[in-house]
Amino acid sequence: MLVLGIESSCDECAASVVRDGAILTNCIATQVPVHARYGGVVPELASRAHILDVVPVIEAALQQAEVEASQLDAIAVTQGPGLVGSLLVGIEAAKALAYCYDLPLLGMHHIEAHLMAATHAVAAPSEPPSFPFVGLVVSGGHTSLFLAHDLGQYTALGHTLDDAAGEALDKVGKMLGLGYPGGIHIDKLSRDGDPKAFRFPRALPQKDSLDFSFSGLKTSVLHHLQKEATLPSGQALADLCAAVLEAVVDVLVKKTLRAARKHRVRHVVISGGVSANQRLRAHMRERAALDGINVAIPPLPLCTDNAAMVAGLAHAYLVRQAPPKGFAAFDLSARASWPLA
Ligand code: KG4
Ligand code: ZN
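Only a predicted model underlies this, so the values are computations on that prediction, with no experimental measurement involved.

Further remarks concern the coordination of the zinc ion (ligand 2). Protein coordination of the zinc ion (ligand 2) is provided by His110 (NE2), His114 (NE2) and Asp305 (OD), with donor distances spanning 2.1 to 2.2 Å. Taken together, the 4 donor atoms surrounding the zinc ion (ligand 2) define angles of 90 to 149° at the centre, an arrangement classified as irregular. For the zinc ion (ligand 2), the single-chain donor residues occur in sequence as H-x3-H-x190-D. Separated by 195 residues along the polypeptide, His110 in helix 4 (residues 110-115) and Asp305 in the loop between strand 10 (294-296) and helix 10 (308-320) bring together distant segments of the chain. With respect to class, His110 is no different from Asp305; both count as buried.

It is worth spelling out the sheet that holds strand 3 (residues 22-30) at this point. Sheet strands pair by backbone hydrogen bonding; their relative direction is either parallel or antiparallel. In spatial order, the strands read 3-2-1-4-5; together these 5 strands make up an open sheet with mixed pairing. Where the open sheet ends on each side, the last strands, each with one partner, are strand 3 and strand 5 (105-109). Between one strand and the next, the sheet's axes are offset by a mean angle of 20°, whatever the strand orientation. Relative to strand 3, strand 2 (residues 12-19) runs antiparallel, the two sharing 8 bridges. Bridge pairing in strand 3 links Glu12 to Thr30. Along the sheet, helix 2 (residues 43-64) contacts strand 1 (2-7), strand 2 and strand 3; its crossing angle with strand 2, the most-contacted strand, is approximately 20°. Sitting on the sheet, helix 3 (residues 84-101) is in contact with strand 1, strand 4 (74-80) and strand 5, with an inclination near 160° to strand 4.

Tracing the sequence through the fold places Ser209 in the loop between helix 6 (182-190) and helix 7 (215-226). Measuring from C-alpha to C-alpha, the distance between Ser209 and Gln235 comes to 35 Å, with 26 residues separating the pair along the chain. In contact with Ser209, not counting residues within four places along its chain, are Leu204, Lys255 and Arg258. A polar side-chain atom of Ser209 sits 3.3 Å from the main-chain amide nitrogen of Asp211.

Here the focus is the pattern of salt bridges. With the rule as written, the count across this model stands at 12 salt bridges. For Asp250, the salt bridge is made with Lys254, and the minimal N-O distance between the two is 3.3 Å. Here Asp250 pairs with Lys254, and both are found in helix 8 (residues 234-262), just 4 residues apart, close to one helical turn. Look at Lys254 and you get partly exposed, because its relative accessible area is 43%. Linking Asp250 and Arg287 is a salt bridge whose minimum nitrogen-to-oxygen distance equals 3.1 Å. Here Asp250, found in helix 8, pairs with Arg287, found in helix 9 (residues 278-290); they are 37 residues apart in sequence, far enough to count as distant. For Asp250, a relative accessible area of 8% corresponds to the buried category. Shared partners join several salt bridges into a network, and the residues in it are Asp163, Glu167, Lys171 and Lys218.

As a structural note, the neighbourhood of ligand 1 is formed by 19 residues, with Gly140, Asp170, Asp187, Gly273 and Asn277 the closest of them. Here an oxygen atom of ligand 1 sits 3.5 Å away from a polar atom, N or O, in the side chain of Ser139. Within the backbone of Gly140, one N or O atom sits 2.8 Å away from an oxygen atom of ligand 1. For ligand 1, whose accessible area on its own is 550 Å², the fraction buried by protein is 91%.

Each value, and the rule that gives it
- Residues numbered from 1 in each chain as written.
- Chains lettered and ligands numbered in written order.
- Predicted model: local features only at pLDDT ≥ 70, side-chain atom pairs only at ≥ 80, totals over all residues.
- Heavy atoms only, no water.
- Donors = N, O, S within 2.8 Å, 3.2 Å for Na, K, Ca; no water.
- Tetrahedral: all angles 85-135°; square planar, octahedral: opposite > 155°, others 65-115°.
- Helix = DSSP H or I, 4+ residues; strand = E, 2+ residues; numbered from the N terminus.
- Buried < 20%, exposed > 50% of the residue type's maximum accessible area, 1.4 Å probe, protein only.
- Pairing = 2+ DSSP bridges.
- Axes fitted to C-alpha atoms, helices over the stretch in contact; angles between N-to-C directions.
- Contact = heavy atoms within 4.5 Å.
- Polar contact = N/O pair within 3.5 Å; in protein donor to acceptor, adjacent residues only side chain to side chain.
- Salt bridge = Lys/Arg side-chain N within 4 Å of Asp/Glu carboxyl O.
- Near = heavy atom within 4 Å.
- Areas by Shrake-Rupley, 256 points an atom, 1.4 Å probe, with all protein chains shown as cover.

What follows is the structure, given as structure tokens:
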């Protein structure tokens, strides 16, 4: 079964071809240069860039997979949540293809696609996850914990009460004068830093809380910087980045493993852009191993926004012949906000 996936919920325009669940291509047209000068995603610019990118990226995904559109069995597209103007570009492209080739059209949930990404491929040394598992979806727009009982059956365990973890890292990056997105620069700089050089606050440490809060960390970094005459550089910058990242990672790891213990599951999945972070991957694995918990993390190209996770999820639903959330024909429309559970 050949499925074409299309993803355009934020600032990445992506297309992927999946054959019987195996990822043949995972093409992404990134918009980082479009938004870099603004230090964050500008929705209007994102949707305009998607209009330019969507057809070439679909063509690239098909060509590299050596697949003709007429051979496809289904089209899957991210229906939400996300930026409405961006979502609409992917959805209209998907509808046009589905109409031309008379194919089923599946509207997929972006957070569910992240949550399930590790079920399509995992980075060594993880084992693939099995249900039930606790999933941490951590990106620029989301920081949420779910209990995944089965495909399409999820319980929300906790969410961020303010900023997403990636958003907080991006804002700290901006304060430090680093490039966009800040999370990636903080990751790189922190590798030479001492995470114990400073201690930033960990929010909501109560044992029963599975919610997150990252706005206090951002404010704390701002106060720290205001005490200095100039922005840090060299080793001081590396130490600051390491300490900020440590504060974020510490909370993400503790709460995810707390959720796993509470619900007595042996598998934990992390996904979303921030799961590309080396410190998060390493700490989650180290601490989970102490409890005999398997940590499944997708390979890097499946952590940040991509269409392989969208096509892979659609394939999983099609195999079970169960229509996914939002299964739709030509009246499918964007859902800017759409809770998963
Ligand atoms: O999943 P994603 O590509 O888009 C959203 O749905 O938000 O995640 C983007 C976020 C950004 O905040 C970016 O700074 C963060 O993921 N990110 C990282 C790393 N790579 C991406 N944060 C920390 N370390 C990384 N290596
Ligand atoms: Zn995402």
